[in-house]
Amino acid sequence: MIATPDRTPLTRRFFDRPVLEVAPDLLGRTLVRRTPDGPVELRLTEVEAYAGLADPGSHAYRGRTERNAVMFGPPGHAYVYFTYGMWHCMNLVCGPEGSPSGVLLRAGEILSGHEWAHKHRPNARSDRELAKGPARLATALGIDRRLNGIDVCAGPQSPMAILTGAPAPADQVLSGPRTGVGGEGATHPYRFWIDGDPTVSPYRAHTPRRRKSDAPSDAT
């Protein structure tokens, strides 16, 4: 007999831990996005940890700014940022207040609310592609900067919650370098995913952006 996943929302205590403990422990958990048309639920299958002031790959590495201020606040809040001029991504803040760590939600499996998710991701070729990647996940769930700073531990009045769900067994969790992170943080094994899950996004190493001055010249 298959046990029913636990529907109990995670409390702030869950997030008030070191980010490298929280990140793999989120795998298999259920994210509930409450919308005017009903809830959309997603099982987390891939995440990345960002260890704040000690992590060159983190948005908080160089200190507090208007953009990353939520990361310096209490745990259990959402840090939503806009990237590449077109996409949103979402992190969950971890650790004690003032210690700006977060877990980027990279991928997941839509469990319910498929019609709503497909409405936001009309180009998805299948259900498994709806939230396969951090920008796709945010788009499928209708997440943008208006949700920056929301408290996922606030109860039914919050537009989002993380349920206990069915945590992924430890022997199914793999780790490796984060996607697209370069410099000193390139080799940190802070990306965690459920082995063999078809919704996990493909790994891509960091590719340095070329300056115009570095482009090959036609002049001879």
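Above: the structure in question.
Small disclaimer: the values here were computed from a predicted structure and weren't measured. (Residues numbered from 1 in each chain as written. Predicted model: local features only at pLDDT ≥ 70, side-chain atom pairs only at ≥ 80, totals over all residues. Heavy atoms only, no water.)

(A) A look at the overall build of the protein chain. Of the regular secondary structure elements, the protein chain holds four helices and nine strands. The secondary structure elements of the protein chain, listed N-terminal to C-terminal, are β-α-α-β-β-β-β-β-α-α-β-β-β. Intrachain contacts of the protein chain at a sequence separation of at least 6 include 62% that bridge at least 24 residues. Total accessible area on the protein chain is roughly 11600 Å²; 52% of this is exposed by carbon and sulfur atoms. (Helix = DSSP H or I, 4+ residues; strand = E, 2+ residues; numbered from the N terminus. Contact = heavy atoms within 4.5 Å. Areas by Shrake-Rupley, 256 points an atom, 1.4 Å probe, with all protein chains shown as cover.)

(B) Here's a closer look at the pattern of salt bridges. For the structure on display, the rule yields twelve salt bridges. Residues E46 and R106 are paired through a salt bridge, measuring 3.0 Å at the closest nitrogen-oxygen approach. One end of the pair, E46, is in strand β3 (residues 38-50); the other, R106, is in strand β6 (residues 101-112), with 60 residues separating them in the sequence. With its nearest N and O atoms 3.8 Å apart, the salt bridge here joins E48 to R106. (Salt bridge = Lys/Arg side-chain N within 4 Å of Asp/Glu carboxyl O.)

(C) A look at the pairing of strand β7 (residues 160-165). The element β7 is largely enclosed, with a buried count of six among its six residues. Taken together, the two bridges between strand β1 (residues 6-9) and β7 define a ladder with antiparallel strand orientation. Paired with D6 across the bridge in β7 is G165. Judged from the four bridges that link them, strand β2 (residues 30-35) and β7 form a sheet pairing that is antiparallel. Note on β7: the bridge partner recorded for L31 is I162. (Buried < 20%, exposed > 50% of the residue type's maximum accessible area, 1.4 Å probe, protein only. Pairing = 2+ DSSP bridges.)

(D) Focus on the packing of aromatic side chains. Evaluation of the coordinates by the stated rule reveals two aromatic pairs. Aromatic pair F14 and F15: ring centres 5.1 Å apart, planes at 80 degrees, arrangement edge-to-face. You'll find F14 and F15 in the same group, each marked buried. When the ring centre of F14 is taken as reference, the NZ or CZ atom of R17 above it lies at 4.6 Å. Sitting over the face of the ring of W193, R191 holds its NZ or CZ atom 4.3 Å from the ring centroid. (Phe/Tyr/Trp six-rings, centres within 6.5 Å; stacked < 30°, edge-to-face > 60°. Lys NZ or Arg CZ within 6 Å of the ring centre and 35° of its normal.)

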